[in-house]
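One letter stands for each residue in the lines below.
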Amino acid sequence: SCRQNNSSWISWFLGIKGHEYLCRVPIDYIQETFNQMGLEYFTETLQVILNPGFDSSLDWVFGDEEKWYGMIHARYIMSERGLDNMHQKYERGDFEVCPKLSCRQKALPVGPSGVWVKSNVKFFCPHCNDTHPHQRH
Ligand SMILES: [Zn+2]
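Since the structure is predicted, the reported quantities are computational estimates derived from the model, not experimental observations. (Residues numbered from 1 in each chain as written. Predicted model: local features only at pLDDT ≥ 70, side-chain atom pairs only at ≥ 80, totals over all residues. Heavy atoms only, no water.)

A. View of unusual backbone geometry. Its identity is not glycine, yet Arg-104 carries a phi of approximately 55°, on the positive side. One can find Arg-104 in the loop between helix 6 (80-92) and strand 1 (108-110). What makes Arg-104 partly exposed here is its relative accessible area of 42%. Backbone geometry places Asn-129, a non-glycine residue, at a positive phi of 55°. Positionally, Asn-129 belongs in the loop between strand 2 (122-125) and strand 3 (130-133). (Helix = DSSP H or I, 4+ residues; strand = E, 2+ residues; numbered from the N terminus. Buried < 20%, exposed > 50% of the residue type's maximum accessible area, 1.4 Å probe, protein only.)

If you want it as structure tokens, here you go:
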């Protein structure tokens, strides 16, 4: 078969509709033992996440990758690099805008906790000082 090894698992995952608000957590950040502290995982899960030639149609997925990426992502965006990354995404307009027609200010994604539950992502409008649920998808 003609296997295409031109996309990493992370690139594939970030390309999924609805994942625009996620940052690309740098490989060196993920691999740093200190940053993994307290996050339990199977070696295979991390191997999938770090796979530079992931093919979503062929490669076996172990099931915890999304959750684990969500957890390391939550940790990453609290770091200096991650905050900077999120700020760039905000300025670029990667996140939703406030749903109030009179406002339409750029909003920031906020999670209720570090736990990865996609449907729980809400957006905070700094102008209205209010949060609203996911609108776009
Ligand atoms: Zn607003």
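B. How the structure looks around the pairing of strand 3. Summarising the sheet, strand 2 and strand 3 pair through 4 bridges and their orientation is antiparallel. Directly across from Phe-124, in strand 3, lies its bridge partner Thr-131. Linkage of strand 2 to strand 3, two consecutive antiparallel strands, is achieved through a turn of 4 residues, within which Asn-129 is found at a positive phi near 55°. (Pairing = 2+ DSSP bridges.)

C. The coordination of the zinc ion, seen in detail. Distances from the zinc ion to its protein donors, namely Cys-98 (SG), Cys-103 (SG), Cys-125 (SG) and Cys-128 (SG), fall within the range 2.2 to 2.3 Å. For the zinc ion, the 4 donor atoms are set out with angles of 103 to 114° between them, so the coordination reads as tetrahedral. Summarised as a motif, the one-chain spacing of the donors to the zinc ion is C-x4-C-x21-C-x2-C. Placement of the pair is Cys-98 in the loop between helix 6 and strand 1 and Cys-128 in the loop between strand 2 and strand 3, with a sequence separation of 30 residues. (Donors = N, O, S within 2.8 Å, 3.2 Å for Na, K, Ca; no water. Tetrahedral: all angles 85-135°; square planar, octahedral: opposite > 155°, others 65-115°.)

D. Spotlight on the nonpolar core. Counting 26 residues, the largest nonpolar core has Trp-9, Ile-10, Ile-30, Ile-49, Trp-68, Tyr-69 and Ile-72 as its most contacted members. Going through the elements one at a time, helix 1 (9-14), helix 2 (27-31), helix 4 (43-49), helix 5 (65-76) and helix 6 are the ones with two or more residues in this core. (Core = buried A, V, L, I, M, F, W, Y, C linked by side-chain atoms within 4.5 Å.)

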